[in-house]
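Residue-level structure breakdown
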Amino acid sequence: MLTITSRLLLVSFVRISELRLLFLTASISNLILIELITTVPTFVVSEPITEIFTEMAGGGVIHQLLRRKLQQHSAASSFLSIFASKKVHDDAGTAGMNSLRTFALLGAGLSGFLGFATVASADEAEHGLECPSYPWPHKGILSSYDHASIRRGHQVYQQVCASCHSMSLISHRDLVGVAYTEEEVKAMAAEIEVVDGPNDEGEMFTRPGKLSDRFPQPYANEQAARFANGGAYPPDLSLITKARHNGQNYVFALLTGYRDPPAGVSIREGLHYNPYFPGGAIAMPKMLNDGAVEYEDGTPATEAQMGKDVVTFLSWAAEPEMEERKLMGFKWIFVLSLALLQAAYYRRLKWSVLKSRRLVVDVVN
Amino acid sequence: MEHTTRRSQGGLFEGLYRLIMRRNSIYVTFVIAGAFAGERAVDYGVRKIWEHNNVGTTFQPLEATIRPKETQLMNPSTYEP
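Please read all numbers here as calculations on a predicted model, not as lab measurements. (Residues numbered from 1 in each chain as written. Chains lettered and ligands numbered in written order. Predicted model: local features only at pLDDT ≥ 70, side-chain atom pairs only at ≥ 80, totals over all residues. Heavy atoms only, no water.)

1. Quick word on the pattern of salt bridges
Residue and element names in this part refer to chain A. One pass over the structure, following the stated rule, counts 17 salt bridges over all chains. For Asp146, the salt bridge is made with Lys308, and the minimal N-O distance between the two is 3.7 Å. Pair noted here: Asp146 is in the loop between helix H5 (123-127) and helix H6 (147-161) and Lys308 is in helix H11 (residues 303-318), with a separation of 162 residues, a long-range link. Residues joined by salt bridges that share partners form a network here, namely Arg151, Glu184 and Glu296. (Salt bridge = Lys/Arg side-chain N within 4 Å of Asp/Glu carboxyl O. Helix = DSSP H or I, 4+ residues; strand = E, 2+ residues; numbered from the N terminus.)

What follows is the structure, given as structure tokens:
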């Protein structure tokens, strides 16, 4: 009896000290966050819905974990019984214990909730205005790229973006079977002059481009790019939709999001206001204007149309394997769920021998 | 005893068991052949769903619009004066 109670005492002390630690962290974090909230203006209304759901989920998970943890040791952790008697209470604890537990849970939940609130309010200055989610045609689990859109997007890139942005990871041959036929791409590549390796005389020479050549770069190196663009480097666009958070929506929102700065905000000479760009001041001017490009297939070239096409092209450039990936994923998830059913059947078949036994337990007390 | 005899008569799983799982050699053959045939069937099915879901956006209809233009270009007699 004594060993059991002494063991339970140790357990209960550990749990109570944990409880004290919980009070401590909850109250300290509460104080810090309340201080932060009063000093920093709270844009709680502008919190994105997804952030609210994640914090609710996080708060709920924390709630559940704490509840489970505290209830496990509720039988042994009644504070008063240890000092009053050496007996251990079987019920869930006294009223004082209950209120302490609920206060701890509330404190932890509240600090979790408020922790996310301060992160969300700092978001816009750091990450730019949150971009909306556009209904991309290739968004579903079995949706392919719109290849006509990729073709138009490549045309937009060539005529509007390629003067400053490189796409050094894409080769001409990547376009074959995706947006153009082989003959078309060969003709397109042949229009470019490419510097090729030393010939037999040891000299570098230029030749017309082939399918295997990469897309041409507008500048020789980063320094030349910066010099030509007022110190700003136009990033390589090969992976841009993967290199930016929520890339596809971000790029579209950025390209179509140029507007006059709000009252009180002044942008220096050489920069332009774009709320989606972190910091608000971007070096690139508004490039997509209605009618800037004349599409081969006759589609009216509005700003939104060009934006959609060029972002589809950039998405393809960053993730050319998407269609194969979706096909493979659908197929194998389907196959593996069938295999799961088979495995479940096989397991139950093998275990049926043991599970249909009759056991006679002869316990000696 | 009566209920056991009735059990061993019917049932889809019972029939399947008697067909393929009595001998291990038959079971293994069934698994390998079934995997081969099954994968072909699943590939066909998924590709059919994909094509149904993505009418007009794959490269094939695009190629069909490009090709006639190319044959026109390669054939000088079709040039209009």
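2. Let's talk about the interface of chain A and chain B
Contacts between the two partners involve 27 residues from chain A and, on the opposite side, 21 residues from chain B. Across the chain A to chain B interface the summed buried area is about 2,000 Å²; carbon plus sulfur atoms make up 69%. Among the residues chain A hides against chain B, the three largest losses belong to Leu142(A), Leu327(A) and Lys331(A). Together they make up 28% of the total. For the pair chain A and chain B, the interface holds 2 salt bridges. Close ionic contact of Asp43(B) with Lys331(A) constitutes a salt bridge, the shortest N to O distance being 3.1 Å. Taken together, the links from chain A to chain B amount to 8 residue pairs in polar contact (both at pLDDT 80 or more). With 12 residues, the top contributor of residues to the side of chain A that touches chain B is helix H12 (residues 322-355) of chain A. (Contact = heavy atoms within 4.5 Å. Buried area = accessible area lost by both parts, 1.4 Å probe. Polar contact = N/O pair within 3.5 Å; in protein donor to acceptor, adjacent residues only side chain to side chain.)

3. Comments concerning the nonpolar core
If you look at the biggest cluster of nonpolar residues, it comprises 41 residues, and the most contacted ones within it are Met167(A), Leu175(A), Phe313(A) and Trp316(A). Mapped onto this core, the elements with two or more residues apiece are H6, helix H7 (182-190), helix H10 (247-256) and H11 of chain A. Of the residues forming this core, the biggest block, 7 residues, is contributed by H11(A). One finds Leu327(A), Val42(B), Val46(B) and Trp50(B) within the second-largest nonpolar core, a separate group that totals 5 residues. (Core = buried A, V, L, I, M, F, W, Y, C linked by side-chain atoms within 4.5 Å. Buried < 20%, exposed > 50% of the residue type's maximum accessible area, 1.4 Å probe, protein only.)

4. As for unusual backbone geometry
Backbone geometry at Asn246(A) places phi at a positive 55°, although glycine is not the residue there. Its relative accessible area of 34% is what places Asn246(A) among the partly exposed residues.

5. What about the packing of aromatic side chains?
All names here are of chain A. Tallying each qualifying case throughout the model produces 8 aromatic pairs over all chains. Considering the side-chain rings of Tyr134 and Phe252, the 4.6 Å spacing of their centres and the 70° angle between planes classify their relative orientation as edge-to-face. Of this pair, Tyr134 sits in the loop between H5 and H6 while Phe252 is found in helix H10, placing the two residues 118 residues apart along the sequence. Members of the aromatic cluster, connected to one another through ring pairs, are Tyr157, Phe215, Phe313 and Trp316. Sitting over the face of the ring of Tyr295, Arg152 holds its NZ or CZ atom 5.8 Å from the ring centroid. Cation over ring: Arg347 sits above Trp351, and NZ or CZ is 4.7 Å from the ring centre. (Phe/Tyr/Trp six-rings, centres within 6.5 Å; stacked < 30°, edge-to-face > 60°. Lys NZ or Arg CZ within 6 Å of the ring centre and 35° of its normal.)

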